[in-house]
Amino acid sequence: MDLNTIAEVAHPTTRDQLPVWTAGDAWLAGGTWLFSEPQTHLKRLIDLTDLKWPALAIGETELSIAATCTVAQLDALACPPEWIASPLINQCCRAFLASFKIWKTATVGGNICMSLPAGPMISLTSALDGVCTVWQAGGGEWKIPVAEFVTGDQRNVLAPGDLLRQIDIPLAALRRRSAFRQISLTPVGRSAALLIGSVTSDGGLALTITASTKRPVRLSFAGIPNGNELSETILQHIADDLYHSDVHGKPLWRKHMTLRLAEEIRVELQGTA
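Residues numbered from 1 in each chain as written. Predicted model: local features only at pLDDT ≥ 70, side-chain atom pairs only at ≥ 80, totals over all residues. Heavy atoms only, no water.

The chain carries the name CO/xanthine dehydrogenase FAD-binding subunit in an unreviewed UniProt entry, which gives Bradyrhizobium algeriense as its organism.

Printed below as a string of structure tokens:
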């Protein structure tokens, strides 16, 4: 869709060249949502692609994912065999309600910053203990776990002018035994519940609940819980009004599926603790 209110497109190549943020500005990376509907409040786009951040970098202790990394680039990552949680990458990429054309353009950072309950990059990075690096509008930077970055349906911690720079995934999280469950009302519909569980190094269970809730919910157990402990913990930590409601699923059904999928994950991982 043409954005006919845009008067300028800035192309910074370094952080120092980022223009001073003003009302009517928007960051442009993939632009798959930005150009999908009218944006009459916008006057300037700040194109991030000329910053040329490396899409993916594997360090000694972490995998760094640039905010401008596309879904296709992440899906194509050749993972070492010891990353036994790496199937989560492909599973979450395929949880997108998107065509291959969108995959080549949509970015990991854009999906996280949209902060939709069904954002699969939120599911992936929060389940793998991802940490966001945020460039502040006035200079400096700060870090926050992905699970805390998203605060609600299309809400997050970014202040005007703040920019998500990258997401760092500890390699230790990629070496954990994991289990993935996702459900939609239709075969290729938007996720109504997406849960990821993993066995921690000390034999505990880390469970991340997304899509069914308005924001990610992380639950940790010292060991693999029994069924009653798991369901009671979920009921205690997720109030009914935290379940999301839209045409892709009503809260009561999402709650039921959350409990059901969590139990499936518990049973699958119980033998691998």
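Having put the structure on the table, let's press on.
## Let's talk about the sheet that holds strand β5 (residues 62–66)
Counted only if it meets this: A pair of strands is labelled paired if DSSP reports no fewer than 2 bridges between them. The secondary structure listing takes helices from DSSP runs of H or I that are at least 4 residues long and strands from runs of E that are at least 2 residues long, numbered from the N terminus. Structural elements are reduced to axes, namely lines fitted to C-alpha atoms, with helices fitted over the stretch in contact, and the angle between N-to-C directions of any two is expressed from 0 to 180 degrees.
One open sheet holds the five strands; their spatial order is β4-β5-β10-β6-β7, and the pairing between them is antiparallel. With partners counted over all chains shown, the strands left at the sheet margins are β4 (56–58) and β7 (141–145), one partner each. With strand direction ignored, the average angle separating the axes of adjacent strands in the sheet is 20°. Of the strand pairs in this sheet, strand β6 (residues 131–135) and strand β10 (residues 163–170) are connected by five bridges, and their pairing is antiparallel.

## Digging into the pattern of salt bridges
For clarity, the threshold we go by: Salt bridges are identified by distance alone: a Lys or Arg side-chain nitrogen within 4 Å of an Asp or Glu carboxyl oxygen. Exposure is judged per residue with a 1.4 Å probe applied to protein chains only, and the accessible area is read against the type maximum: over 50% gives exposed, under 20% gives buried, and values in between give partly exposed.
A complete count under the given rule lists ten salt bridges for this structure. Ionic pairing is found between Asp129 and Arg176, a salt bridge with its closest N-O pair at 2.9 Å. Here the residue Asp129 occupies a position in the loop between α5 (120–127) and β6, and Arg176 occupies one in the loop between α7 (171–174) and β11 (178–183), the gap between them amounting to 47 residues. Its relative accessible area of 11% is what places Arg176 among the buried residues. A salt bridge links Arg218 to Asp129; its shortest N-O distance comes to 3.1 Å. Here the residue Arg218 occupies a position in strand β14 (residues 217–221), and Asp129 occupies one in the loop between α5 and β6, the gap between them amounting to 89 residues. Accessibility expressed as a relative area gives 29% for Arg218, which makes it partly exposed. With relative accessibility at 27%, the residue Asp129 sits in the partly exposed group.

## What about the sheet that holds strand β12 (residues 193–199)?
For the record, the criterion: Only heavy atoms matter for contacts: two residues are in contact if any of them lie within 4.5 Å across the pair.
Pairing is antiparallel across the open sheet formed by four strands, whose spatial order is β11-β12-β13-β14. Every other strand in the sheet has two partners, leaving β11 and β14 as the edge strands with one partner each. The sheet shows a mean angle of 10° between the axes of neighbouring strands, direction not considered. Where β11 and β12 come together, six bridges link them in antiparallel fashion. When the bridges of β12 are listed, Gln182 appears paired with Leu194. Sitting on the sheet, helix α9 (residues 251–270) touches β11, β12 and β13 (205–210), and the angle it makes with β11 is about 155°.

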